[in-house]
Amino acid sequence: MVYGYKVGNGERRKLAKSEKKVLRKQQRAKLTVLRHEGIQLVPHITEHLVIANGGLGNGMSRELLTSILQPFGHLLVLHMVPGKPYAFASFDSSAEAERVYQSLNGQAVSAAAGKIMLYLGFVDRLLCLQEDSSSLPPGLLLIPNFVSDAYEQELLDFLTWDEVEEIQDERVLKHRRVKHFGFEFCYEDNSVNKDHPLPGGLPAVCDELISNCLVAGYIQHRPDQLTVNRYEPGQGIPPHVDTHSAFEDGIVSLSLGSQVVMDFRHPCGTRVPVSLPARSLLVMTGDSRYLWSHGITPRKFDTISNRLQDGGPTLATRGMRISFSFRKIRWQPCHCAFPSTCDSQVGKQACEGIRLDEERELDPPNESLNRSHLCPSTAAVPGAGQLVRPKLPGDKASAERLEKAYVHGVYDTIAAHFSSTRHSPWPRVAAFVRGLPDAALLLDIGCGNGKYLSAHRGLAMIGCDRSSPLMEICHQRGFQALVCDALSLPVRSTSFDACLSIAVVHHLSTAERRHAALVEMARVLRPGGRGLVYVWALEQEYMRVRSKYLQQKRQGTRCSFNQMEREDLSSRGALGIVGGENGGVKAETGEQSSQVLATEGKRKPIPDKNEPSSIDSAAARAGKCESSENGSTVLSTGLLSIHKNRTPFSSQDVLVPWHLKTQEKQNASPAGSSLSEPDQKSVQHRFYHVFRKGELESLCCRVPDIRVVEMYYDQGNWCVIFEKVCHQSSTVL
């Protein structure tokens, strides 16, 4: 049986109910693997298999899956993608792969998460996995086997956990038990009660450990505060930076009992998982102590490198873990070089930031005054106090002013926050990049934080963006990137093999400027080179499927194969701003992700809204809308509307809010509480022109010397792949 049907003597027989179920699951597997990895399942038998529900995300370990597959053939390669509910396997011959398919497809197996039903399919090629080259954050040091087994047991035997303590701790910490020595740490306000040291100081059993750390130079000050955490399997700790004003530089943490994976995150969004073996010592100084947050995700399994087989990822079961964290109390305010995360400097930084914004006038949408020299035609938004909104520009000068105020300035302000929330490549964009030949030269126009600049290590990749803060993030990640204008790229004509423009063109405010951006993109491509363009779609409900932008409910944390169909893939790692003195473009905000091509049987049908006029028809009949010269729909007042997030678009040219989370706002809010009213300064408004069906393709057809190769809809975005068909004679810069 291949793909759920049986053939005999040239005739198909009717499928049984169980076989129909297998067929449905295989079709879901086909769509999921295509969306996430860009790999197409094939109807013929090959030596390569995809195993749905057999991934690390389902609690299937590498060792268990290997033991399941090996009895049916010689397993050559097993690729298991961290966090995904599928795996890829390659065998010596197609006959062996077929035997595995016949034996395991639609069969239940036992895994850590319980019974799992496997669904298999054939592919022509395997997913090409790249080794994780992430190095440790600056200032972070991991020393394995820092203490002996005997000393570990001595430290564990020293601890006693009585019920009274546990009940008292539970009022504050629901997910772990803690003990403090030297000084008490107050979790209510993340501070240390320095005026009331705890009796007894640090335990004498820790003297040997502290002395070894001082002799080795891991710390410069003798610690006077110790926090002991006890984690049961499945418990964790939220991401955090140890309070600057409470402790000096140099924090050491000893892991006892079970291994665990601790996640370190840079404010720009870079994530580095660090596996902490039992009896290992973690030393945090400099950047890793002051800037990078660290935390432990609550789960019962961790994905680690399998050192006993081929070094590929596998699952490790968590057990009871005890950590000893030693710190030195700080008695003076912190004057570190990281004011963005420093509670001693946050007040000063906030004041300087406000003055800087006022001087540079980067945030007029959120000012109470009408900045007429930036947006001369503005009016107050009803029900929004003194919030102002501009008119759709009618000439080049007003378009430049609009984009400077509602695109460039806004994204310069939110760059760090935005980058921290957008880090996963869009699957079909990543597939386009991976499909390029080795040594090809690619230009990512509006590269944001550069998440596609590492999608294919065999390419020569250059990024460009309008936002200086985002370019700084790229440089910190080691990418080749520069600040420039999408309408005037500082590169030679016909010099690149491929170009990306992901969620960029929709931030240009006139049809002429959007066309000019595509012309400039085509100019730098060599003959035969290809470009990929993504823009936000007006139609957020397409083919009876809502885009993820409209789906507000978040799914549970358990990773199943069906949930992977519905998961909200992170969009553009950071939005790319491309533009400059002549006005620029800002890349997509990341509200969109990969297109869902199949729906579950229980999902209620959604009215088809494919027709371009369907969304605006009601308003048009009421006489509230009119068409502009560039074909977009605007309010009859001429003012841009404020779009409500997670709702269908009512017009093509809109201002979309971004709720900025700042350190100042977080510190002012008590843990677990929310602000009663939104902070005007924390809401930024970005300009978008959302594209109707066919509009992007029509715009590309007006660009000389290119032909549209493919047009498709990808989760709330219209997308075009085009090819440069001839060399356009132009002056080489």
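Since this is a predicted model, take the numbers as computed values, not measurements. (Residues numbered from 1 in each chain as written. Predicted model: local features only at pLDDT ≥ 70, side-chain atom pairs only at ≥ 80, totals over all residues. Heavy atoms only, no water.)

Spatially, five strands are ordered β3-β9-β4-β6-β5 in an open sheet, and the strand pairing comes out antiparallel. Two strands bound the open sheet, and with one partner strand each, they are β3 (41-42) and β5 (75-80). Note that β5 and strand β6 (residues 86-91) share five bridges and pair antiparallel. Residue pairing across strands places Leu78 opposite Ala89, the latter belonging to β6. The strands that helix α2 (residues 62-69) touches are β4 (48-52), β5 and β6; relative to β5, the one it contacts most, it runs at about 145°. Here helix α3 (residues 94-104) sits on the sheet in contact with β4, β6 and β9 (119-123), set at roughly 155° to β9. (Pairing = 2+ DSSP bridges. Helix = DSSP H or I, 4+ residues; strand = E, 2+ residues; numbered from the N terminus. Contact = heavy atoms within 4.5 Å. Axes fitted to C-alpha atoms, helices over the stretch in contact; angles between N-to-C directions.)

This paragraph deals with the side chain of Gln225. Among the structural elements, Gln225 can be located in strand β14 (residues 225-231). Note on Gln225: relative accessible area 0%, which makes it buried. A distance of 2.9 Å separates the side chain of Gln225 from the side chain of Thr227, its partner in a polar contact. Contact partners of Gln225, with chain neighbours within four places excluded, come to His180, Phe181, Phe183, Phe185, Leu202, Phe247, Ser325, Phe326, Arg327 and Ile329. (Buried < 20%, exposed > 50% of the residue type's maximum accessible area, 1.4 Å probe, protein only. Polar contact = N/O pair within 3.5 Å; in protein donor to acceptor, adjacent residues only side chain to side chain.)

Before going further, it helps to examine the packing of aromatic side chains. Enumeration according to the criterion identifies 18 aromatic pairs in this entry. When the centroid spacing of 4.8 Å and the interplanar angle of 45° are considered together, the rings of Phe418 and Trp658 count as tilted. Taken together, the positions of Phe418 in helix α9 (residues 396-421) and Trp658 in strand β38 (residues 653-659) put the pair 240 residues apart, joining distant regions of the chain. Just as Phe418 is buried, Trp658 falls in that class too. Ring geometry for Trp536 and Phe649: centres 4.9 Å apart, planes at 90°, overall edge-to-face. One end of the pair, Trp536, is in strand β30 (residues 525-536); the other, Phe649, is in the loop between β37 (641-642) and β38, and 113 residues separate them in sequence. Look at Trp536 and you get buried, because its relative accessible area is 0%. Through a chain of ring-to-ring contacts, three or more aromatic side chains come together here, namely Trp536, Tyr549, Phe649 and Tyr688. Of note, Arg327 hangs over the ring of Phe247, and the distance from its end group to the ring centre comes to 4.9 Å. (Phe/Tyr/Trp six-rings, centres within 6.5 Å; stacked < 30°, edge-to-face > 60°. Lys NZ or Arg CZ within 6 Å of the ring centre and 35° of its normal.)

On the surface, a cluster of positive charge is contributed by Lys14, Lys17, Lys20, Lys21 and Arg24. Take Lys14: it is sitting in the loop between β2 (11-12) and α1 (17-37). Of the residues examined, Lys14 reaches a relative accessible area of 71% and is grouped as exposed. (Patch = residues over 30% accessible without salt bridge, like charges linked within 9 Å, V, L, I, M, F, W, Y side chains within 5 Å. Areas by Shrake-Rupley, 256 points an atom, 1.4 Å probe, with all protein chains shown as cover. Salt bridge = Lys/Arg side-chain N within 4 Å of Asp/Glu carboxyl O. Lys, Arg positive; Asp, Glu negative; His and termini not counted. Charge placed at Lys NZ, Arg CZ, Asp CG, Glu CD.)

Where α9 meets helix α11 (residues 468-476), the axes come as close as 7 Å, and the angle between the chain directions of the two elements is 35°. In this structure, α9 contributes Asp412, Ala415 and Ser419 to the contact, and α11 contributes Ser468, Pro469, Leu470 and Ile473. Looking at side-chain class alone, the contact of α9 with α11 contains four nonpolar, two polar and one charged residues. (Nonpolar A, V, L, I, M, F, W, Y, C, P; charged D, E, K, R; others polar.)

Next up on the list: the pairing of strand β20 (residues 293-296). Every second residue of β20 is oriented toward a common face, with Ser293 and Gly295 on one face and His294 and Ile296 on the other, all of them buried. As defined by bridge partners, strand β17 (residues 260-265) adjoins β20 across three bridges and the pair is classed as antiparallel. When the sheet's bridge partners are listed, Asp263 is paired in β20 with Gly295.

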